[in-house]
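One letter stands for each residue in the lines below.
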Amino acid sequence: MKKLLLSIAVIVLLGACDTESSDEVAVSAIWQSYYYQYDKVENTTSALAEFRDGGVFGNDVILVAPSGIVINGNALVHQNWPYYLYYHYYKTFDGNVLTGTYVFTDKNSKTYTNVADLTDMDIDFPASLDTIPKSEELVIFWAGDAIGTDETIEVSFFEYNDTTSLFSVTNDQLGDTSISISIADLAGLNNGLHNITLDRMKDVGLQAATAKGGVMIVEYTTSKGCEVID
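A quick note: this is a predicted structure, and the numbers were derived from the prediction, not measured. (Residues numbered from 1 in each chain as written. Predicted model: local features only at pLDDT ≥ 70, side-chain atom pairs only at ≥ 80, totals over all residues. Heavy atoms only, no water.)

Trainee: So, the overall build of the chain: which residues are in play, and what are the values?
Mentor: Regarding its fold elements, the chain presents two helices and 19 strands. Dimensions of the chain along its principal axes, counting C-alpha atoms only, are 60 × 35 × 30 Å. The buried share of the chain, reckoned over its 230 residues, is 46%. Total accessible area on the chain stands at roughly 10,600 Å², and carbon and sulfur atoms take up 50% of it. When the 12 positive and 32 negative side-chain charges of the chain are each reduced to one mean point, those points stand 4 Å apart. (Helix = DSSP H or I, 4+ residues; strand = E, 2+ residues; numbered from the N terminus. Buried < 20%, exposed > 50% of the residue type's maximum accessible area, 1.4 Å probe, protein only. Areas by Shrake-Rupley, 256 points an atom, 1.4 Å probe, with all protein chains shown as cover. Lys, Arg positive; Asp, Glu negative; His and termini not counted. Charge placed at Lys NZ, Arg CZ, Asp CG, Glu CD.)

Structure, rendered in C-alpha cells:
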C-alpha cells in the first residue's frame, strides 16, 4: 500500500504541477486525501491532507476562505513543497493521538467530517529480534493484533541512519500474525547495522465526501536497528 501511495505521489509530482484556488473549483470536483500516522519511535502523530481537482492526478487545490481544513479543531498548515512527497497540508502532535477528526469546509461553507482512528493499530517487533542471519528465512511474529480487514503489514529495510529504502515486504492476508522475508531478499544486504521499520496501514475510506470521493489511510509505524550477519 505504501509503495502504491509513493508511486502515485511521484506521478502526481511529475504530471500535475499546477495549483488552483478552491474558489475556482467546483465543489463536486474536489477529491480529498487524508493520511493519519503515529510514529512510535518519534512519539508523534502526523495528520496530513491533500485536495485535488477531479481526482488523484488533478491539480493541487489550495483552500481559501471560507474553505479550510482542521484536525481536532486545529488548522492544518499549507506548504508549497509537499510533506511525504504528496501532502501539502499537515499538522503534527506530540504523543499518540488515537483519533483525528478532519473537518473540510468547502467554498459554500458546507462541512465534511471524516474521523481517522488508530485504536488497535499498535504493532511492534518481537523483543528478541536483534540479529538477522542472511542464511535463513526471517519470520517476524509481531506484537499486536492479527491482520484485519483492509489492513497491510509492511517491513522495510534501510541502511543504518539512511532514509533510502533497500526493499520492502508486505502482507495483507486477513488473520495472519507474521511476515516473512526470504533468503533471496536478505542476501542483497550488506553485513552490519540496518534500520528496519514495521508498519500497520489501513484503508478506512471516507465517511463524508464530495461527488468526486477520496481516500483516508491510517498508519502505526515503529522502527529499530538490527545487525545483519552471514
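There's plenty left to go through after this.
Trainee: Hey, could you go over the side chain of threonine 105 for me, with residue numbers and the actual values?
Mentor: Note on placement: threonine 105 falls in strand β9 (residues 99-105). With near-sequence residues (within four places) excluded, threonine 105 lies in contact with Pro66, Ser67, Gly68, Lys110 and Thr111. (Contact = heavy atoms within 4.5 Å.)

Trainee: Tell me about the packing of aromatic side chains, residues and numbers included.
Mentor: Taken as a whole and assessed by the stated rule, the structure comprises 10 aromatic pairs. Here the aromatic residues Tyr34, Tyr36, Phe51, Tyr89, Tyr102, Phe104 and Tyr112 are joined through ring pairs into a cluster of three or more. (Phe/Tyr/Trp six-rings, centres within 6.5 Å; stacked < 30°, edge-to-face > 60°.)

Trainee: Just give me the short version of the side chain of threonine 222, but keep the residues and values in it.
Mentor: Mapping threonine 222 onto the fold places it in strand β19 (residues 214-229). Among residues more than four places away in sequence, those in contact with threonine 222 are Lys40, Val41, Ile123, Asp124, Phe125, Ile196, Thr197 and Leu198.

Trainee: Lay out the nonpolar core in plain terms, naming residues and giving numbers.
Mentor: Grouped together as the largest cluster of nonpolar side chains are 48 residues, with contacts concentrated most on Phe51, Ile69, Tyr102, Ile132, Phe157 and Ile181. In terms of residue count, β19 provides more of this core than any other element does, five residues in total. The next biggest cluster of nonpolar side chains, apart from the first, holds eight residues, and it includes Trp31, Leu48, Val56 and Val215. (Core = buried A, V, L, I, M, F, W, Y, C linked by side-chain atoms within 4.5 Å.)

Trainee: I'd like a description of the pairing of β19, backed by residues and values.
Mentor: Bridge count between strand β2 (residues 30-39) and β19: eight bridges; the pairing is parallel. Within β19, the residue paired with aspartate 39 across the bridge is threonine 221. Across 12 bridges, strand β18 (residues 192-203) lies against β19 in antiparallel orientation. The residue bridging asparagine 195 from the neighbouring strand is glycine 225, located in β19. (Pairing = 2+ DSSP bridges.)

Trainee: Outline the pattern of salt bridges, listing residues and values.
Mentor: Evaluated as defined, the whole model comprises five salt bridges. Two residues, lysine 40 and aspartate 124, come together in a salt bridge whose shortest N-O distance is 2.5 Å. Of this pair, lysine 40 sits in the loop between β2 and β3 (44-53) while aspartate 124 sits in strand β11 (residues 123-124), placing them 84 residues apart in sequence. For aspartate 124, a relative accessible area of 22% puts it in the partly exposed group. The salt bridge partner of arginine 200 is glutamate 151, with a shortest N-O separation of 2.8 Å. Residue arginine 200 is found in strand β18, and its partner glutamate 151 is found in strand β15 (residues 151-159); the two are separated by 49 residues along the sequence. The burial state of arginine 200 is the same as that of glutamate 151; both residues are buried. (Salt bridge = Lys/Arg side-chain N within 4 Å of Asp/Glu carboxyl O.)

Trainee: A description of the sheet that holds strand β10 (residues 111-117) should follow, citing residues and the corresponding values.
Mentor: The strands making up a sheet associate through backbone hydrogen bonding, with each pair oriented either parallel or antiparallel. Pairing within the open sheet is antiparallel, and its four strands lie in the order β6-β5-β9-β10. The sheet terminates laterally at β6 (74-75) and β10, the two strands that pair on one side only. Here seven bridges tie β9 to β10, and the two strands are oriented antiparallel to one another. For threonine 105, the partnering residue across the bridge sits in β10 and is threonine 111.

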